[in-house]
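# Overview (structure and organization)
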Amino acid sequence: MRQDPALPGHAGPTLFAIAAAIALALLAGWLALRPAAVPVPDGPPASGFAAGRALVHVHALAQAPRPAGSKANARARDYLVAQVRALGLEPEIQTAMAQAASADMMANVRVTLAEARNIVVRKPGTARTNGPRQMVLASSRYDSSAGSPGAADGAAGAATLLEALRVLQAGPPLDNDIVFVFTDADADGLALGTRAFAESHPWAKRVRVALRFDHAGNRGLPALVDAGAADGFALQAWAHLAPEPRGSSFMAELLQGLPQRSAARALAATGAATLQFATIDGTLGWDGMHDVPQQLSADSLQHEGETVLALLRHFGNARLPAAGSRGQVFFSLPFVGQVHYPVWWVWPLTVLACALNVAACRIAVRRLGIAGSDIVHGMFGFAFMTALAIFLTWLCREMLTGLQWRWDADHLAGDGGLRWQAWAFVLLPAALFAILQRRLLARLDGACLALGAMLAANVALLAVSYGAPGASYVLAWPLLAAQAAWLALAARRLQAWPPVRRTALLALAAVPALVLIVPAAVDSAAWLSPRWLLLPALLACLLLALCSMLLAQVKAALVAAPLLLAGGACVGMAYAAHPVPPELPVPNRLLYLKDTPSWQAFWIHPAGPVDAWTKSVFPNALQPYVMPYTFGADSDPVWYGLARRDDTIFYPYLLIEKDDRRGDVRRVEFLLRSKNSAPDLVLRLSGADTLRTSVNGRVLTDRRYRGWQATLHGMGERELRFAIELVGDPAFTIFVQERIPGLPAGLPPRPDDMRPRLLPGSGTTMTVDILRFP
């Protein structure tokens, strides 16, 4: 039912309400439209960092894919060592093993073991101390995945640290020790090189502040993507010293799935206050296929270098206090800058929001005569309107053909058209929600609808505080402001306020929602793309719901129509953009397979359209086929054809050394050695459950698993003795693969004018064998 107009927030349409709504809309537009581009310096940078020098290092490192253990990886390491020595410092090569394991719900385990070769450089401080001097760490990786040159994701961070080290060496000495770590074997998302440093290097426990630099994109301002192990001391330094600080704990929670994030978690295990930075604009392509030097932004590199130097100079001369409360919630406010507080504040704020909601509902029912069922109707009405608005927005997206290819193309072209689509899919659900909200306001008062929305937001806040505490500020502060305004207007003393003052209070309460929810909605839309519009659309609907008492005083046409027009204009701007992606080389997806059981060699390529040159490798293949023996029964079909057997590529050396049966346990031992010094070795066991597995005495797994697979990086030609204990006495098979970057000679020459061009050094050579145990 519709409530009495005397309820809080219902003062009738006023010119002041309209003016307030327009002013808040302009504020929201400014928040969404404010530029996030990298500032271009007018002259030589005062920091001394030169992006041109760093780009030279990038081109030297990113000539070819360089996975751990490969020849290209060794060349990159030699280059970095030579550059460090030229600066008058002596680097240490830390060689250490690290491993990680993950299991699924079906008890299938995947173990990864790597021998990392980290480059560790110490720039000594000058301060005198009674005991071991605390250290400041700056870290980035120098390896890459097997299919990518890793210009941004690998080379850029290493080049930035190398140039920063040059600038620091040329400047005055610092009080504290600075340790630069160029990590290896970090490309698989497990950060095994970083883990090796954190677990086994003696300096790791002396690190007080750790700075990690990664690249999930190749342009834009580097953002702080992880402060989960930071304290106020570290975050305060970044907020005040970094040029154009960018980042929020909301985006940090949204970016949890980035493979680069595992490095920060490994560093945090040392007890250091850890800040992780990454560029997130611009696409690197599938498996880094577009991560080439010409796509890397020099302005982003310059900004990252200045951030590195500002922080290292500060921490290098600062008195490093004892570690404070770990975990920070942080975000940016207009005209204020970065704001942060400890993560333990999250639950007190959440409990306060719950208490205010209880108080508001009690006043509504007991004193204002609002039916409890109407409050429940308001909450479920908000949920229904939000779901319907998101569904209608999804239908609009499906009908707007042509936007998706523009999104993908602009990721490569980088001309700024992405933001138009991001804004469009925030404004459209907001407009649809505003229309639906007016339909519900015909039955429920704005105050009652606001109570229902606040209850729904409180439930969401409880879930977010538990699962993603860094994002809680997006809900907590707008909700607290809306609750405070509702309770204030429900107070007897304020009932006599004139409409202008009541509207001013509602407008003031809407400011936290605008300054926090609008940037979060636009940033999440830009990161997730229109394919995943649920989160930005939900935030847009929540914004209008928390402002429902204010919007109830404005004519419907003055709310929905401008939002629809703005959304339509953004769609039009997105269609008007014609991004022209640059012509980039692509990885050669050919695989040369040398198969031991058949004593043959094959050319293999993933199924799908192939160009004339690739098709010439498979002259007799009519269609792709599944190769269950090599890739598994559930593998995808592939093109394959016979190839010349290259005798310079060796088969895996395998030798069964033991097969012992004792009771219900069977123990087998075998020797594996790669005569090719393959960077990657993959073993897969099929047909039996494992109880315990080890290699050279190092335990890989020590519990029962149904499926077992192990990947080893950087083992070289060393002898690997595996010991596997199995349940019962089943017949089983172990499949062994050696993977080597690049292809052998023998391919027909590819025409120079054929497009797309292929990345140098791409393609894969694989040798396989099996061990059958009856």
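Residues numbered from 1 in each chain as written. Predicted model: local features only at pLDDT ≥ 70, side-chain atom pairs only at ≥ 80, totals over all residues. Heavy atoms only, no water.

## Observations regarding the pairing of strand E2 (residues 108-123)
Across the 16 residues that make up E2, a large majority, 13, are buried. In terms of strand pairing, strand E1 (residues 92-103) meets E2 through 12 bridges, oriented antiparallel. Paired with Glu92 across the two strands is Val120, which belongs to E2. Hairpin connection, E1 to E2: the antiparallel pair is bridged by 4 residues, and Ala107 has positive phi, about 65°. The sheet contact formed by E2 and strand E18 (residues 707-713) spans 7 bridges and is parallel. Bridging across to E18, Val111 finds its partner in Ala710. As defined by bridge partners, E2 adjoins strand E4 (residues 177-183) across 5 bridges and the pair is classed as antiparallel. (Buried < 20%, exposed > 50% of the residue type's maximum accessible area, 1.4 Å probe, protein only. Helix = DSSP H or I, 4+ residues; strand = E, 2+ residues; numbered from the N terminus. Pairing = 2+ DSSP bridges.)

## Topic: the sheet that holds strand E17 (residues 698-701)
Here 5 strands make up an open sheet; going across it, the order is E13-E14-E19-E16-E17 and the pairing antiparallel. Here the strands that pair on one side only, and so sit at the sheet edges, are strand E13 (653-662) and E17. Across the sheet, the axes of successive neighbouring strands diverge by a mean angle of 20°, strand direction being ignored. Note that strand E16 (residues 690-695) and strand E19 (residues 720-727) share 5 bridges and pair antiparallel. Considered in E19, the bridge of Thr690 is made with Leu726. (Axes fitted to C-alpha atoms, helices over the stretch in contact; angles between N-to-C directions.)

## Observations concerning the packing of aromatic side chains
Scanning the model with the defined rule gives 17 aromatic pairs in all. Here Tyr341 and Trp477 contribute two aromatic rings whose centre-to-centre distance is 6.2 Å and whose plane-to-plane angle is 80°, an arrangement assigned as edge-to-face. With Tyr341 in strand E9 (residues 337-342) and Trp477 in helix H15 (residues 473-490), this pair connects stretches of sequence that are 136 residues apart. By relative accessible area, which is 4% here, Tyr341 ends up buried. With centroids separated by 6.1 Å and ring planes inclined at 70°, the aromatic side chains of Tyr625 and Tyr640 adopt a geometry described as edge-to-face. One end of the pair, Tyr625, is in the loop between helix H20 (612-615) and helix H21 (628-631); the other, Tyr640, is in strand E12 (residues 638-643), and 15 residues separate them in sequence. Judged by its relative accessible area of 36%, Tyr625 is partly exposed. Just above the ring of Tyr653 sits the side chain of Arg673; from NZ or CZ to the centre is 5.6 Å. (Phe/Tyr/Trp six-rings, centres within 6.5 Å; stacked < 30°, edge-to-face > 60°. Lys NZ or Arg CZ within 6 Å of the ring centre and 35° of its normal.)

## Considering the nonpolar core
Here is a general trend for soluble globular proteins: nonpolar side chains tend to be buried in one another's company. Residues Phe250, Phe433, Leu451, Tyr473, Trp486 and Ile517 are the most contacted members of the largest nonpolar core, which totals 101 residues. Here this core gets 15 residues from one element, more than from any other, and that element is helix H16 (residues 499-528). The residues contacting Phe250, other than those within four sequence positions of it, are Gly470, Ala471, Tyr473, Val474, Ala520, Ser524, Leu535 and Leu539. Ala76, Ala158, Phe180 and Leu284 belong to the second-largest nonpolar core, a separate cluster that totals 58 residues. (Core = buried A, V, L, I, M, F, W, Y, C linked by side-chain atoms within 4.5 Å. Contact = heavy atoms within 4.5 Å.)

## What to know about the environment of Trp420
Tracing the backbone through its elements, the reader meets Trp420 in helix H13 (residues 418-441). Sequence spacing of Trp420 and Val336 is 84 residues, and the spatial spacing of their C-alpha atoms is 26 Å. Excluding its chain neighbours within four sequence positions, the residues that come into contact with Trp420 are Cys570, Met573 and Ala574.

## Notes on helix H3 (residues 71-86)
Since the α-helix advances by 3.6 residues per turn, residues separated by three or four positions end up pointing in the same direction. Here H3 contains 16 residues, and its C-alpha end-to-end distance of 23 Å stays within 8% of the 22 Å for a straight helix at 1.5 Å per residue. Among all positions in H3, only Ala72, Asn73, Ala76, Arg77, Leu80, Val81 and Val84 are buried. Positive phi appears at Gly88, one or two residues downstream of H3, with a value of about 90°. (Expected span 1.5 Å × (residues − 1).)

## Here's the deal with the pattern of salt bridges
If the charged atoms of two oppositely charged side chains come close together, the side chains can form a pair. Tallied over the entire structure, the rule returns 29 salt bridges. Between Asp689 and Arg704 there is a salt bridge whose closest N-O contact spans 3.0 Å. Placement of Asp689 in the loop between strand E15 (680-686) and E16 and of Arg704 in the loop between E17 and E18 is noted, with a sequence separation of 15 residues between them. (Salt bridge = Lys/Arg side-chain N within 4 Å of Asp/Glu carboxyl O.)

## A closer look at the environment of Asp291
In this structure, Asp291 sits in the loop between strand E7 (273-279) and helix H9 (298-317). Taking the C-alpha atoms as reference points, Asp291 and Leu551, separated by 260 residues in sequence, lie 47 Å from one another. Those residues in contact with Asp291, other than ones at most four positions away along the chain, are Ser148, Pro149, Gly150, Ala151, Ala152, Asp153 and Leu284.

## Quick notes on the state of the cysteines
Counting across every chain of the model gives 0 disulfides. Considering cysteine sulfurs only, Cys541 is the nearest to Cys396, which forms no disulfide, with 13 Å between them. Note on Cys396: relative accessible area 26%, which makes it partly exposed. (Disulfide = S-S within 2.5 Å.)

## Overview of a nonpolar patch on the surface
Together, Trp347, Val351, Leu462 and Tyr466 make up an exposed nonpolar region whose accessible area comes to about 460 Å². Mapped by element, the contributors of at least two residues to the nonpolar patch are helix H10 (346-366) and helix H14 (446-467). By secondary structure assignment, the location of Trp347 is in helix H10. (Patch = residues over 30% accessible without salt bridge, like charges linked within 9 Å, V, L, I, M, F, W, Y side chains within 5 Å. Areas by Shrake-Rupley, 256 points an atom, 1.4 Å probe, with all protein chains shown as cover.)

## Describing the confidence of the model for the chain
Scored by pLDDT, the chain has a mean of 87; 92% of the residues are at 70 or more. Note on residues 1-13: pLDDT is under 50 here. Beyond four places in sequence and across chains, it has 42 contacts. (pLDDT = per-residue confidence, 0-100.)

## Digging into the pairing of E9
Strand direction decides the pairing type here: strand E8 (residues 328-333) and E9, joined by 6 bridges, are antiparallel. Each residue of the ladder has a partner; that of Gln328, found in E9, is Pro342. Here E8 hands over to E9 after 3 residues, with Phe335 in that stretch at a positive phi of 70°.

## With respect to helix H17 (residues 534-546)
The terminal C-alpha atoms of H17 lie 18 Å apart, and with 13 residues this matches the ideal 18 Å at 1.5 Å per residue to within 8%. In terms of burial, H17 is largely enclosed, as 10 of its 13 residues are buried. When H17 is considered as a whole, its buried residues turn out to be Pro536, Ala537, Leu539, Ala540, Cys541, Leu542, Leu543, Leu544, Ala545 and Leu546.

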